[in-house]
Amino acid sequence: APLNISDIAVKEQAFDLYRKLILKGLRVLLDDRNESPGVKFNDADLIGVPLRVIIGPKALARGEIELQGRSGKGIQPVKISEAPEMAAKSI
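Predicted model, so just to flag it, every value in this text is computed and none were measured.

Novice: For this particular structure, what's the right way to read helix α2 (residues 37-47)?
Specialist: Every α-helical turn comprises 3.6 residues, leaving residues that sit three or four positions apart pointing alike. Residues K40, F41 and A44 constitute the buried set of α2. Viewed end-on, α2 has its buried residues packed into an arc of 95 degrees, placing them on one side of the element. Looking at the buried positions of α2, the neighbouring elements they touch are β1 (51-54). Of the residues trailing α2, G48 is marked for its positive phi of about 80 degrees.

Given below as structure tokens:
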């Protein structure tokens, strides 16, 4: 879920991570709609997405993305380089 799809860095990172997760054999849904994070998260919950990969400009500035499982027990920051492996392990 890229939080601001109009931000070029966020968009590029979202599509790059999307490709990497597909190559790991995961089924991936990239929500590239121009909607608020709340709408994207609600829709993900409604269709039963087991893991949210959240890509936002603040986390990217720290060299991270954020993972959140369906349980919603918290957001786990993950280094961008470790994101594909951590996402695969988290499902």
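Novice: Explanation requested: the pairing of strand β2 (residues 64-69) in the structure shown.
Specialist: Taking burial as the measure, the six residues of β2 include five buried ones, the bulk of the element. With four bridges connecting them, β2 and strand β3 (residues 76-79) associate as antiparallel partners. Note that in β3 the partner of L67 across the bridge is Q76.

Novice: Which parts of the structure should I look at to understand the packing of helix α1 (residues 8-23) against helix α4 (residues 83-90)?
Specialist: Between two packed helices, what matters for the description is the angle formed by their axes and the separation of those axes. Between α1 and α4, the least distance of the axes is 10 Å, while the angle of their chain directions is 55 degrees. Classified by the angle their axes make, α1 and α4 are oblique. Here α1 and α4 pass one another in a crossing that is right-handed. Counting all contacts with α1, which are made through L17, K20 and L21, the residues of α4 involved are A83, P84 and A87. Of the residues assigned to the contact of α1 with α4, the class counts are five nonpolar, no polar and one charged.

Novice: I tried to follow the nonpolar core on my own but got confused; where do I start?
Specialist: Soluble globular proteins tend to pack their nonpolar side chains together in the buried interior. One finds L17, V53, I55, I65 and L67 to be the most contacted residues of the largest nonpolar core, which totals 15 residues. Among the secondary structure elements, those contributing two or more residues to this core are α1, β1, β2 and α4. The greatest single-element share of this core, amounting to four residues, is contributed by α1. Once you skip the residues sitting within four places of it in the chain, L17 turns out to touch V53, I55, A83 and P84.

Novice: Looking at this structure, I do not really get the environment of I80. What am I missing?
Specialist: Relative to the helices and strands, I80 is located in the loop between β3 and α4. Looking at I80, the relative accessible area reads 23%, which means it is partly exposed. Once the C-alpha coordinates of I80 and L60 are considered, the two residues, 20 residues apart in sequence, prove to be 8.0 Å apart. In contact with I80, not counting residues within four places along its chain, are Q13, L60, G63, E64 and I65.

Novice: Honestly, the sheet that holds β3 in this entry has me stumped. Any pointers?
Specialist: Consider a sheet: its strands pair through backbone hydrogen bonds, and that pairing is either parallel or antiparallel. One open sheet holds the three strands; their spatial order is β1-β2-β3, and the pairing between them is antiparallel. Looking at strand neighbours, the two that pair on one side only are β1 and β3, the edges of this open sheet. Across this sheet, the average inter-strand angle for adjacent strands is 30 degrees, counted without regard to direction.

Cut-offs used in this document
- Residues numbered from 1 in each chain as written.
- Predicted model: local features only at pLDDT ≥ 70, side-chain atom pairs only at ≥ 80, totals over all residues.
- Heavy atoms only, no water.
- Buried < 20%, exposed > 50% of the residue type's maximum accessible area, 1.4 Å probe, protein only.
- Helix = DSSP H or I, 4+ residues; strand = E, 2+ residues; numbered from the N terminus.
- Arc of directions from axis to C-beta.
- Contact = heavy atoms within 4.5 Å.
- Pairing = 2+ DSSP bridges.
- Axes fitted to C-alpha atoms, helices over the stretch in contact; angles between N-to-C directions.
- Parallel < 35°, antiparallel > 145°, perpendicular 65-115°, else oblique.
- Left-handed = near helix turned anticlockwise from the far one by under 90°.
- Nonpolar A, V, L, I, M, F, W, Y, C, P; charged D, E, K, R; others polar.
- Core = buried A, V, L, I, M, F, W, Y, C linked by side-chain atoms within 4.5 Å.

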